[in-house]
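Residues per chain, in single letters:
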Amino acid sequence: MEEKELTQAIKRYLGDDSDNYAIMVTGPWGCGKTHYVENCLRREVASDGWHIVRVSMFGITSEDIFYDRLLSAILSSKESDIRNSLADIGSLSGRFGRFFRHKKKKSPESPSRFKRISKDVGISALMGQMKKAGIQMSVEARSLVELLLGKGKVIVFDDLERCLLDETRLLGLMDTMIESQGRKVILLANEKELRSKLAASDRDGDASRKYLAAKEKLVWRVYPFEPDMKALAHELFRERLEDLLGCEEGECSDAINRCLASLFGPGESNVRLLKRAMSICDVLESTGYFMGSCDDPRRIATLENVLALSGKVVRDTMRSGSDEADHNDSRGQSFVEHFMEASSSEGLAALPFIERYLKHGQVAESETIVAELREFQVAYHPEGAAAQRADASISRWQHRSFQNSDIPVIVEDIASSIIPPSDGGLSFDRYRDALEVLYGIQKCIPDQNVGVQDVVSNMKRAIDAEPEAALSSVEHGIICWQAGGFPKSMERIGAIDELREYICQKSLSSSVDAARSILEKPEGLRPSDIISVINGERGLTRSAYVLTSLNPELAARKLAECSNEGVHEVHSAILSSKTRAMMLHADEGAAVREWLLAFAEAIEPSSASELANRDVLEWIRGNIWEMLGVPREDQQEEPSGPKVGGLAPRDGGQEV
């Protein structure tokens, strides 16, 4: 039942004096029942002279706690109603009435103080305040609650299924209010969970029968709650998105509606999960990335993706802690469902700040988040016309939203987009998707002239133009998609593995070329430049490969001509833990040992014109021999410099 219809039904119930009964509003956890009562129903019934007192039944274990919680709810209601209720008590106890009127004159904040204290500890605080004022009253909690309730009150008992009282005792307490006091009572519950709890705790069904018997006497009608989630999301989050986009109310309605629509998963009905997902806006706002982007469709589309992924993270986190079947179980999923799941995994891999924040509470640096957003936007919402057409064609294939006659256009759109991304071509991150589409078409329509090999060749040429950008895609795990997420019925595409290896080798070749060009420059050598290239490689094997690609004799000769600072930098690098790790753990470990030995053999300390440099070169040579465990007959004494693992001159032997 939608909110307007439910409100009218409740108003009819409140206006019915012919019988004493309660009504129940039921719906899943987090669907917005409490929000509806506090933000819609309270306002609507107030016009008819009714005031809502809402009591959370969460965790109540005894009747005393029940009445204490009810009293707290009463005293937490509107201040005017508190004053009226206390004034009613004053008519029964003149001393109490004079006390309250005196407090009202002396301190206008007294009702607020009463409300604040009672909200925390309920009846015990009220009794304590009365005792301090010299008021002696011996009143049971139940009687005091009845006095304070007064007229025109609607009692709403929330979270009924989370109450720890026996269900029949709980409904019995409410029945007393209805039968003897003529109160209007609304029960909010997730009745599905309530029945499940009863079934799990009572195998013979006795508790379920007692509950149904008590409910039959107490509850006349049960109304299912079906909120308008789109309207509710707009009410809750519109202002939040306006702040994020930096626009005034109503200025960015189209963009905001798109963003809100992306927040919902299939059949989404949990308001609490939406609120948790929307907390990502706090992180986004701190970056300023989306400020003033209402007229930028690419940036708005990126924000849509971020919100959709945030919703997925929150929903998956909730499922992972429930008794539901593993949501990653791919059995029975359609191709499109497989694709959607895999695409979400890719998006989270490309935007890791989302999971870091929503799952672990970690906030990355703003610069890191902005860099991730920019890379994601370039890949999935490209600026170049060719890339945009290819992106649209890939999406049509993956979502199965094409006709057979569209196949040639899809093939052409993808093929024409394979140029360097900096020239407006498809991002390297989408090469996997492009090949999956082309191979899929080739498999389904063998007669179609797809030209996959030509496309792969063009991809390699684009990689040649921008090897480091292509390597970044591999590092994000984007091109390594064949290890997860997709249906087993899909064949492994060899071209993707081929491209991944080509990218890695091309990037490695680029680093080798860079290091060699630095070493072979005719002007003075800067060892720090080569060290930076080596340390910049991802993985020990790649670093070792770059090092061993250099000519050790040339490196030794150039080192003798370096500045004193440069010689010290090399000495520090030789002593570093990374050098030892390359020898011990890299696939190229043996080659590293051979290179270092050749380098040490080629060092001639006497060739350095600077006296200080001669000593440092001697230390470098001696340290290498000691690291490698190579005895030297011509070594008359140990090097006078620091031992292996000791401190290097000047810079303390730290890694460069």
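Read on for a plain summary of the structure. All values derive from a computational prediction rather than experimental measurement.

Remarks on the state of the cysteines
Covalent bonding between the sulfur atoms of two cysteines defines a disulfide.
So, step 1. On inspection of all chains with the given rule, the structure shows one disulfide.
So, step 2. At a sulfur-sulfur separation of 1.9 Å, the disulfide partner of Cys-252 is Cys-294. Torsion about the S-S bond of the Cys-252 and Cys-294 cystine: about 100°, corresponding to right-handed handedness. One end of the pair, Cys-252, is in the loop between helix H12 (229–245) and helix H13 (253–263); the other, Cys-294, is in the loop between helix H15 (280–287) and helix H16 (297–320), with 42 residues separating them in the sequence.
So, step 3. You can call Cys-252 buried: its relative accessible area is 5%.
So, step 4. The partly exposed category is assigned to Cys-294, whose relative accessible area is 22%.

Here we look at the pattern of salt bridges
So, step 1. Applying the stated criterion across every chain yields a total of 26 salt bridges.
So, step 2. A salt bridge links Arg-258 to Glu-304; the nearest nitrogen and oxygen atoms lie 2.4 Å apart. On the criterion of sequence distance, the pair formed by Arg-258 in helix H13 and Glu-304 in helix H16 is long-range, its members being 46 residues apart.
So, step 3. When the shortest N-O distance is used, the salt bridge between Asp-391 and Arg-430 registers 2.4 Å. Separated by 39 residues along the polypeptide, Asp-391 in helix H20 (residues 385–398) and Arg-430 in the loop between helix H21 (407–416) and helix H22 (431–444) bring together distant segments of the chain. Accessibility assignment for this pair places Asp-391 and Arg-430 in one class, buried.
So, step 4. Members of the salt-bridge network, linked through shared partners, are Glu-38, Arg-42, Arg-54 and Asp-158.

Quick look at the sheet that holds strand S3 (residues 153–158)
So, step 1. Reading across the sheet, the five strands line up as S2-S3-S4-S1-S5 and stay open at both edges, with parallel pairing between neighbours. The open sheet has two edge strands with one neighbour each: strand S2 (51–56) and strand S5 (219–224). For this sheet, the mean inter-axis angle between neighbouring strands, taken without regard to orientation, is 20°.
So, step 2. Relative to S5, strand S1 (residues 22–26) runs parallel, the two sharing five bridges. The residue bridging Ala-22 from the neighbouring strand is Val-219, located in S5.
So, step 3. The strands touched by helix H1 (residues 3–14) are S1, S3, strand S4 (184–189) and S5; relative to S4, the strand with the most contacts, the crossing angle is about 145°.
So, step 4. Against the sheet, helix H11 (residues 206–218) engages S1, S4 and S5, with an angle of about 100° to S5.

Re the packing of helix H27 (residues 540–548) against helix H30 (residues 577–585)
So, step 1. At a minimum axis distance of 10 Å, the contact between H27 and H30 shows a crossing angle of 100°. Judged by the angle between their axes, H27 and H30 are roughly perpendicular. In this structure, H27 uses Leu-540, Ser-543, Ala-544 and Leu-547 to contact H30, whose residues at the interface are Lys-578, Ala-581, Met-582 and His-585.
So, step 2. Considered class by class, the residues forming the contact of H27 with H30 number five nonpolar, two polar and one charged.

Comments concerning the environment of Glu-365
So, step 1. Structurally, Glu-365 can be placed in the loop between helix H18 (353–360) and helix H19 (366–380).
So, step 2. According to the relative accessible area criterion, Glu-365 is exposed, its value standing at 56%.
So, step 3. Between the alpha carbons of Glu-365 and Val-283 there is a distance of 9.7 Å; along the sequence they are 82 residues apart.

A look at the packing of aromatic side chains
So, step 1. Across all of its chains, the model carries 10 aromatic pairs by this definition.
So, step 2. A centroid spacing of 5.3 Å and a plane angle of 75° characterise the contact between Phe-428 and Tyr-431, whose relative ring orientation is edge-to-face. Taken as a pair, Phe-428 and Tyr-431 share a single burial class, namely buried.
So, step 3. These aromatic residues form a ring-pair network of at least three members: Tyr-13, Tyr-21 and Trp-220.

Some details on the pairing of S1
So, step 1. Counting buried positions over the five residues of S1 gives five, a clear majority of the element.
So, step 2. The two faces of S1 match: Ala-22, Met-24 and Thr-26 on one face and Ile-23 and Val-25 on the other face are all buried.
So, step 3. Sheet topology note: the S1/S4 ladder contains five bridges and is parallel. Counterpart to Thr-26 in the pairing with S4 is Ala-189.

A few points about the packing of H12 against H15
So, step 1. Remark: H12 packs on H15, axes separated minimally by 9 Å, with the N-to-C direction vectors making an angle of 20°. In terms of orientation, H12 and H15 fall into the roughly parallel class. For the pair H12 and H15, the crossing hand works out as left-handed. Residue-level contacts link Arg-240, Leu-241, Asp-243 and Leu-244 of H12 to Cys-281, Asp-282, Leu-284 and Glu-285 of H15.
So, step 2. When the residues that make up the contact of H12 with H15 are grouped by side-chain class, the tally is four nonpolar, no polar and four charged.

Quick notes on helix H28 (residues 552–560)
So, step 1. Taken across its nine residues, H28 has seven buried, putting it largely inside the fold.
So, step 2. Within H28 the residues assigned to the buried category are Pro-552, Leu-554, Ala-555, Ala-556, Lys-558, Leu-559 and Ala-560.
So, step 3. Each element contacted by the buried residues of H28 is listed here: helix H25 (494–520), helix H29 (564–575), helix H31 (589–602) and helix H32 (611–628).
So, step 4. Of the residues that open H28, the one with a side-chain oxygen 2.9 Å from the backbone nitrogen of Glu-553 is Asn-551.

What about H1?
So, step 1. The end-to-end C-alpha separation of H1 is 16 Å, in line with the 16 Å expected for 12 residues at 1.5 Å each.
So, step 2. By the burial criterion, the buried members of H1 are Leu-6, Thr-7, Ala-9, Ile-10, Tyr-13 and Leu-14. Summarising the axial view, the buried residues of H1 lie within an arc of 160°, below the 170-degree limit, and thus occupy one face. In H1, those exposed residues whose orientation departs by more than 90 degrees from the buried face are Lys-4 and Arg-12.
So, step 3. Residues of H1 that are buried sit in contact with S1, helix H2 (33–46), S3, S4 and S5.

Notes on the nonpolar core
So, step 1. Counting 45 residues, the largest nonpolar core has Leu-241, Leu-284, Leu-307, Phe-353 and Leu-373 as the members making the most contacts within it.
So, step 2. Of all the secondary structure elements, the ones that give two or more residues to this core are H12, H13, helix H14 (271–278), H15, H16, helix H17 (335–350), H18 and H19.
So, step 3. Ignoring any residue separated from it by four or fewer positions in sequence, one finds Leu-241 in contact with Ile-256, Cys-259, Leu-260, Met-278, Cys-281 and Leu-307.
So, step 4. Counting residues in each nonpolar core, the second largest holds 40 residues, with Val-567, Met-582, Trp-619 and Trp-625 among its members.

Reading the values: the criteria
Residues numbered from 1 in each chain as written. Predicted model: local features only at pLDDT ≥ 70, side-chain atom pairs only at ≥ 80, totals over all residues. Heavy atoms only, no water. Disulfide = S-S within 2.5 Å. Helix = DSSP H or I, 4+ residues; strand = E, 2+ residues; numbered from the N terminus. Buried < 20%, exposed > 50% of the residue type's maximum accessible area, 1.4 Å probe, protein only. Salt bridge = Lys/Arg side-chain N within 4 Å of Asp/Glu carboxyl O. Pairing = 2+ DSSP bridges. Axes fitted to C-alpha atoms, helices over the stretch in contact; angles between N-to-C directions. Contact = heavy atoms within 4.5 Å. Parallel < 35°, antiparallel > 145°, perpendicular 65-115°, else oblique. Nonpolar A, V, L, I, M, F, W, Y, C, P; charged D, E, K, R; others polar. Phe/Tyr/Trp six-rings, centres within 6.5 Å; stacked < 30°, edge-to-face > 60°. Left-handed = near helix turned anticlockwise from the far one by under 90°. Polar contact = N/O pair within 3.5 Å; in protein donor to acceptor, adjacent residues only side chain to side chain. Expected span 1.5 Å × (residues − 1). Arc of directions from axis to C-beta. Core = buried A, V, L, I, M, F, W, Y, C linked by side-chain atoms within 4.5 Å.

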